[in-house]
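Structural characterization, general
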Amino acid sequence: MQSILGNTRKADIVFHSSGRIDITARVAKSLELQHGDVIDIMLCGCEWCLYVKHRAPKFGRHEGMVYRSNNKGNHYRVWSKTLCNAVLQECKVADKVKLCVGEPMNLNIYGPALPIIIKYILS
């Protein structure tokens, strides 16, 4: 017998080689994301942590600024070639990588952060 579904875990964050990052509502709620926030990834030892670097700047354009991908939903989209290239290179993938995040933790300066589970790539 063979399972049709196989792995049933859905990705929390997707990095594309074009620089597009798709963030699910679960991640957005955990980080308390709002339109205009700037995200970044911090290396904490061997963990990669996604966090909000700046909360909704009042002016200017920033790399890593989040935008709603849908006016009614809570999904967000980010454009950052730098972040995508770093994650794709770490995962040894060329096109796109779907990843999960762990339980929220608190960074003293930046607030909530989510560890990105790099070793478990979803297809």
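For the structure itself, look to the data block above.
For the structure given in this document, a descriptive report is provided here. On a predicted model such as this, the values are computed, not experimentally measured, just so you know.

1. A few points about the packing of aromatic side chains
Centre-to-centre distance and the angle between the planes together describe a pair of aromatic rings. The final tally for this structure, using the stated rule, is one aromatic pair. Aromatic pair tyrosine 51 and tyrosine 110: ring centres 4.6 Å apart, planes at 45 degrees, arrangement tilted. You can see tyrosine 51 sitting in strand 4 (residues 47–54) and its partner tyrosine 110 sitting in the loop between strand 8 (105–107) and strand 9 (111–122), a full 59 residues away along the chain. Under the relative-accessibility criterion, tyrosine 51 is labelled buried at 3%. By relative accessible area, which is 30% here, tyrosine 110 ends up partly exposed.

2. Thoughts on the pattern of salt bridges
Taken as a whole and assessed by the stated rule, the structure comprises six salt bridges. Between aspartate 12 and arginine 9 there is a salt bridge, with its nearest N and O atoms 3.0 Å apart. Taking the shortest distance from any N to any O, the salt bridge between arginine 55 and aspartate 37 comes out at 3.2 Å. Of this pair, arginine 55 sits in the loop between strand 4 and strand 5 (66–68) while aspartate 37 is found in the loop between helix 1 (25–31) and strand 3 (38–44), placing the two residues 18 residues apart along the sequence. The class for aspartate 37 is buried, based on a relative accessible area of 1%. Several salt bridges share partner residues, and in doing so they unite Arg9, Asp12 and Arg26 into one network.

3. Description of helix 2 (residues 81–91)
Residues lying three or four places apart along an α-helix face the same way, a consequence of the helix completing one turn every 3.6 residues. When we look at burial in helix 2, the residues that qualify are Leu83, Cys84, Val87, Leu88 and Cys91. The buried residues of helix 2 occupy one face: seen down the axis, they fall within an arc of 120 degrees. Of the residues in helix 2, the exposed ones pointing more than 90 degrees away from the buried face are Thr82 and Gln89. Contact partners of the buried residues in helix 2: strand 1 (13–16), strand 2 (20–23), strand 3, strand 4, strand 7 (96–101) and strand 9. One or two positions beyond helix 2, positive phi appears at lysine 92, with a value near 60 degrees.

What counts and how
- Positions within a chain are numbered from 1, following the residues in the order the chain's sequence is written.
- Owing to the predicted nature of the model, reporting of local features is limited to residues with pLDDT of at least 70; listing and counting of side-chain atom pairs is limited to 80 or more, with chain, interface and lining totals taken over all residues.
- Where side-chain values are given, they derive from all heavy atoms of the structure, hydrogens and water being excluded.
- Ring geometry is summarised as follows: Phe, Tyr and Trp rings, the Trp one being its six-membered ring, pair when their centres sit within 6.5 Å, and such pairs are stacked at plane angles under 30 degrees, edge-to-face over 60 and tilted between the two.
- Secondary structure is summarised from DSSP: a helix means a run of H or I of at least four residues, a strand means a run of E of at least two, and numbering begins at the N terminus for each.
- We call a residue buried when its accessible area falls under 20% of the maximum for its residue type, exposed when it is over 50%, and partly exposed in between, using a 1.4 Å probe and counting protein chains only.
- A pair is scored as a salt bridge if a Lys or Arg side-chain nitrogen falls within 4 Å of a carboxyl oxygen belonging to Asp or Glu.
- Directions from the helix axis toward the C-beta atoms define the arc.
- Should any heavy atoms of two residues lie within 4.5 Å, those residues are counted as being in contact.

Treat this as a map of the structure, not an account of what it does.
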